[in-house]
Amino acid sequence: MNAREQQGWRLFRGDGVPRRVEMPPAPPWRRFGSAATGGAATGEERESAAPGPARPSPYLISPEHADVVNAALHLRRPLLVTGSPGTGKSSLARAVAHEMGLGEVLRWPVNSRSTVQDALYRYDAIGRLRETTLSRDRDEAEPDIGSFVRLGPLGTALVPGMRPRVLLVDELDKGDVDLPNDLLTVFEEGEFEIPELARLPEDQSVVEVLTERPGERAAVRRGRLACEEFPVVVITSNGERDFPPAFLRRCVRLELPTPDEERLRAIVTAHLGEEALEEVDQLLEVFLRRRSARELATDQLLNAVFLRSGGVDVTGEGLLEAVLHRLGGAV
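Rules and cut-offs
- Residues numbered from 1 in each chain as written.
- Predicted model: local features only at pLDDT ≥ 70, side-chain atom pairs only at ≥ 80, totals over all residues.
- Heavy atoms only, no water.
- Helix = DSSP H or I, 4+ residues; strand = E, 2+ residues; numbered from the N terminus.
- Contact = heavy atoms within 4.5 Å.
- Phe/Tyr/Trp six-rings, centres within 6.5 Å; stacked < 30°, edge-to-face > 60°.
- Buried < 20%, exposed > 50% of the residue type's maximum accessible area, 1.4 Å probe, protein only.
- Salt bridge = Lys/Arg side-chain N within 4 Å of Asp/Glu carboxyl O.
- pLDDT = per-residue confidence, 0-100.
- Core = buried A, V, L, I, M, F, W, Y, C linked by side-chain atoms within 4.5 Å.
- Pairing = 2+ DSSP bridges.
- Axes fitted to C-alpha atoms, helices over the stretch in contact; angles between N-to-C directions.
- Polar contact = N/O pair within 3.5 Å; in protein donor to acceptor, adjacent residues only side chain to side chain.
- Parallel < 35°, antiparallel > 145°, perpendicular 65-115°, else oblique.
- Left-handed = near helix turned anticlockwise from the far one by under 90°.
- Nonpolar A, V, L, I, M, F, W, Y, C, P; charged D, E, K, R; others polar.

Take the environment of P25 next. Looking at the element boundaries, P25 is found in the loop between α1 (3-6) and α2 (63-75). In contact with P25, not counting residues within four places along its chain, are R31 and F306.

The structure is reproduced here in structure tokens:
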């Protein structure tokens, strides 16, 4: 057995022989549930962090960029964050939530089909009709309409509370061209109406609806929901589309730079410890060279260093190309 197999590298051998294999510890940024040790924010490079609780690693940001974040917090304005993949746009929201003790981040991943309506609330009219018909057949009380209204991430962020909630609007530039303008009214007024509830009789003026968070309900009065503290809104963009001036002037803008060599070393240390620096020199040189010619994200360097720290020769057998693959263009 070679050294790599002795270190538990080949979990899958491709020989068709079944065997019981124990999984090794996951990278710190890929631990979930009880394996995650807290609700701290991930680091600067975790651009495309997976859903789930944030990881206990510091978020590395310069004082100048932190001042821009603070300006948005004081002004109660959305923070529009731009930058290359891997610069930490998405993870900034989790960093703010962790440091300020604002709880779990509400995430709205935007795509070409996204609408403000869906982000505010969804009404299951068909489900209510079905349950109402079944209740009448069984001579039972009709179900509460609130059980068929669920607030989306934006609607949940506006639920009244003493402390603001953190909302991540991820990759807004992937949405419809009119989506930024559609958001203006909600961002300016901090409230919205649910017509299905506004039409109810006076004896149903207060309805408890479901929220984005499992098991949580929110009271809606006369069909309107208004925040008491404007949520902390972090909007990310990869620069695929320009936003209208009316939208831009209502945002505080932050451009995150591509990490230089010194910052990359700090990121590796923050996630993997000082000992990981012993393995980083060659990989960092290759990463910087490749990044100058193709689009790479910082977490790809982290992945390579993590494997190398475990004794894996990532420079051979096509592994380096698999880990440091280009992000843009044809694969």
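There's more to say after this.
It is worth spelling out unusual backbone geometry at this point. Backbone geometry places R76, a non-glycine residue, at a positive phi of 55 degrees. Here R76 shows up in the loop between α2 and β1 (79-82). Positive phi is not limited to glycine here, since E171 has a value of about 60 degrees. Positionally, E171 belongs in the loop between β5 (166-170) and α7 (179-189).

Taken as a whole and judged by the stated rule, the model has two aromatic pairs. Judged by centre distance (6.2 Å) and plane angle (80 degrees), the ring pair of F187 and F230 falls under edge-to-face. In this pair, F187 sits in helix α7 while F230 sits in the loop between β9 (224-226) and β10 (232-237), placing the two residues 43 residues apart along the sequence. Given the relative accessible area of 9%, F187 is considered buried.

Our focus in this paragraph is the pattern of salt bridges. All told, the structure shown has 14 salt bridges when counted by the stated rule. For the salt bridge of R250 with E188, the shortest nitrogen-to-oxygen distance reads 3.3 Å. Placement of R250 in the loop between α9 (245-248) and β11 (252-255) and of E188 in helix α7 is noted, with a sequence separation of 62 residues between them. When salt bridges that share partners are traced, they join R77, E188 and R250 into one network.

Per-residue confidence for the protein gives a mean pLDDT of 84; residues scoring 70 or more make up 87%. The low-confidence segment residues 37-56 (pLDDT under 50) makes 69 contacts with residues lying over four places distant or belonging to another chain.

On to the nonpolar core, then. Counting residues in hydrophobic clusters, the biggest one holds 39 residues, and the most contacted among them are L151, L154, L172 and L197. Broken down by element, this core gets its largest block of residues, five residues, from α7. Leave out the neighbours within four places in its chain, and L172 touches V110, L179, P180, L183, I235, T236, F243 and F247. Judged by nonpolar contacts, the second largest core, of 23 residues, contains L264, A304, V305 and V312.

Mapped onto the elements of the fold, T82 is located in strand β1. Not counting residues up to four positions away in its chain, the partners in contact with T82 are K89, S237, L254, E255 and L256.

Before going further, it helps to examine the sheet that holds β10. The strand order across the open sheet built from five strands is β2-β5-β10-β1-β11, with neighbouring strands paired in parallel fashion. Each of the sheet's edge strands pairs with one partner strand only, and the pair in question is β2 (106-109) and β11. Across the sheet, the mean angle separating the axes of adjacent strands is 20 degrees when strand polarity is ignored. Pairing between β1 and β10: four bridges, direction parallel. Of the residues in β10, the one forming a bridge with V81 is T236.

Now for the side chain of S135. Note that S135 resides in helix α5 (residues 125-137). We classify S135 as buried; its relative accessible area is 6%. One polar contact links the side chain of S135 to the main-chain carbonyl oxygen of E131, over a distance of 2.8 Å. Setting aside its immediate chain neighbours within four residues, S135 contacts E140, A141, E142 and P143.

As a further point, take the pairing of strand β8 (residues 217-221). Here β8 shows one buried face, formed by A218 and V220, and one open face, formed by R217, A219 and R221. Note that strand β7 (residues 206-210) and β8 share five bridges and pair antiparallel. If you follow V207 over to β8, its bridge partner there is V220. Counting the residues between successive antiparallel strands, the hairpin from β7 to β8 contains six residues, one of them, G215, with a positive phi of roughly 80 degrees.

This paragraph deals with the pairing of β5. In terms of burial, β5 is largely enclosed, as five of its five residues are buried. By the alternation rule, side chains of β5 split into V166, L168 and D170 and L167 and V169, which are all buried. In the sheet, β5 pairs with β10 via four bridges, with the strands oriented parallel. Bridge pairing in β10 places V169 opposite I235.

This brings us to the packing of helix α10 (residues 261-272) against helix α12 (residues 298-309). Remark: α10 packs on α12, axes separated minimally by 10 Å, with the N-to-C direction vectors making an angle of 55 degrees. Viewed along their axes, α10 and α12 adopt a mutual orientation that is oblique. Note on packing geometry: the crossing formed by α10 with α12 is right-handed. Facing α10, whose interface residues are L264, I267, V268, H271 and L272, α12 presents T298, L301, L302, V305 and F306. The residue makeup of the contact of α10 with α12, split by class, is eight nonpolar, two polar and no charged.

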